[in-house]
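Structural description and commentary
In case you want the letters, here they are:
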Amino acid sequence: MSQDTVMRQTIHMCRFCSKEFPSCEANPILSRELNLSVESLDSDQSVVACDRYESPVEILKTRFHD
């Protein structure tokens, strides 16, 4: 890795989702599918976008405001 390469930290969305992958039948986008060099990612297995993501915070807000 050269000095000019920026290391990007990935956040795996499944760790923060109220659903369980793969039973949620989501179609996630993994960090390896991005147009970035593998050397610049801390993980190429992170889910960085998802069509089924459900935030636990939003679920709690909905339950407390019903």
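Here's a quick rundown of the structure. Residue positions within a chain follow its written sequence, with the count starting from 1. Residue-level local features of this predicted model are given only where pLDDT is at least 70; pairs of side-chain atoms are given and counted only at 80 or more, and the full residue set underlies all totals for whole chains, interfaces and linings. Heavy atoms from the whole structure form the basis of all side-chain values; hydrogens and water molecules are not counted.

Comments concerning the overall build of the chain
Test applied: Secondary structure elements follow DSSP: runs of H or I of four or more residues count as helices, runs of E of two or more count as strands, with numbering from the N terminus. Two things to know: the radius of gyration comes from C-alpha atoms, and the globule rule equals 2.2 Å times the number of residues to the power 0.38. Here the term buried applies to any residue with accessible area under 20% of the maximum for its type, exposed to any over 50%, and partly exposed to those in between, with areas from a 1.4 Å probe on protein chains only. Throughout, a residue-residue contact means that at least one pair of heavy atoms, one from each residue, lies within 4.5 Å. To measure how exposed things are, a 1.4 Å probe is used in the Shrake-Rupley method; for residues, cover is taken only from the protein chains shown. When charges are tallied, Lys and Arg are placed among the positive residues and Asp and Glu among the negative ones, while His and the ends of the chain are skipped. The atoms used to mark charge sites are NZ of Lys, CZ of Arg, CG of Asp and CD of Glu.
Along the backbone of the chain there are 1 helix and 2 strands. For the chain, the N- to C-terminal ordering of α and β elements is β-β-α. Computed over its C-alpha atoms, the radius of gyration of the chain comes to 15 Å, more than 25% above the 11 Å expected for a compact globule of 66 residues. Projected onto its principal axes, the C-alpha positions of the chain cover 55 × 25 × 15 Å. The burial tally for the chain puts 21% of its 66 residues in the buried class. The contacts in the chain between residues at least 6 apart in sequence include a share of 65% that link residues at least 24 apart. As displayed, the chain has an accessible area near 5400 Å², and 50% of this comes from carbon and sulfur atoms. If you average the places of the 7 positive and of the 11 negative side-chain charges in the chain, the two averages end up 5 Å apart.

Looking at a nonpolar patch on the surface
Heads up, the rule is: A residue counts toward a patch only above 30% relative accessible area and without a salt bridge, and it is joined to like-charged neighbours within 9 Å or, for Val, Leu, Ile, Met, Phe, Trp and Tyr, to nonpolar neighbours within 5 Å. Definition used for salt bridges: Asp or Glu carboxyl oxygen within 4 Å of a side-chain nitrogen of Lys or Arg.
Judged by side-chain polarity, Ile 29, Leu 34, Leu 36 and Val 48 come together as a nonpolar surface patch covering roughly 260 Å² of accessible area. Relative to the assigned elements, Val 48 resides in strand S2 (residues 47-49). For Val 48, a relative accessible area of 30% translates into the label partly exposed.

A short note on the side chain of Ser 46
For the record, the criterion: Side-chain atoms alone can form a polar contact between residues adjacent in sequence; in general such a contact is a pair of N or O atoms within 3.5 Å, and within protein one must be able to donate a hydrogen while the other accepts it.
Here Ser 46 shows up in the loop between strand S1 (29-30) and S2. Owing to a relative accessible area of 5%, Ser 46 belongs among the buried residues under this scheme. At 2.8 Å, the side chain of Ser 46 and the side chain of Thr 10 are in polar contact.

Topic: the pattern of salt bridges
For the structure on display, the rule yields 2 salt bridges. As a salt-bridge pair, Glu 58 and Lys 61 come within 3.1 Å of each other at their nearest N and O atoms. With Glu 58 and Lys 61 both in helix H1 (residues 56-64) and 3 residues apart, the pair spans about one turn of that helix. In this structure Glu 58 comes out as partly exposed when scored by relative accessible area, which is 42%.

Notes on the state of the cysteines
The test is simple: Sulfur atoms of two cysteines make up a disulfide when they are within 2.5 Å.
Taken as a whole and assessed by the stated rule, the structure comprises 0 disulfides. For Cys 17, which is in no disulfide, the shortest distance to another cysteine sulfur is to Cys 50 and amounts to 6.3 Å. Cys 24 supplies the cysteine sulfur nearest to Cys 50, a cysteine that is in no disulfide, at a spacing of 5.8 Å. The exposure class of Cys 50 is partly exposed, given its relative accessible area of 26%.

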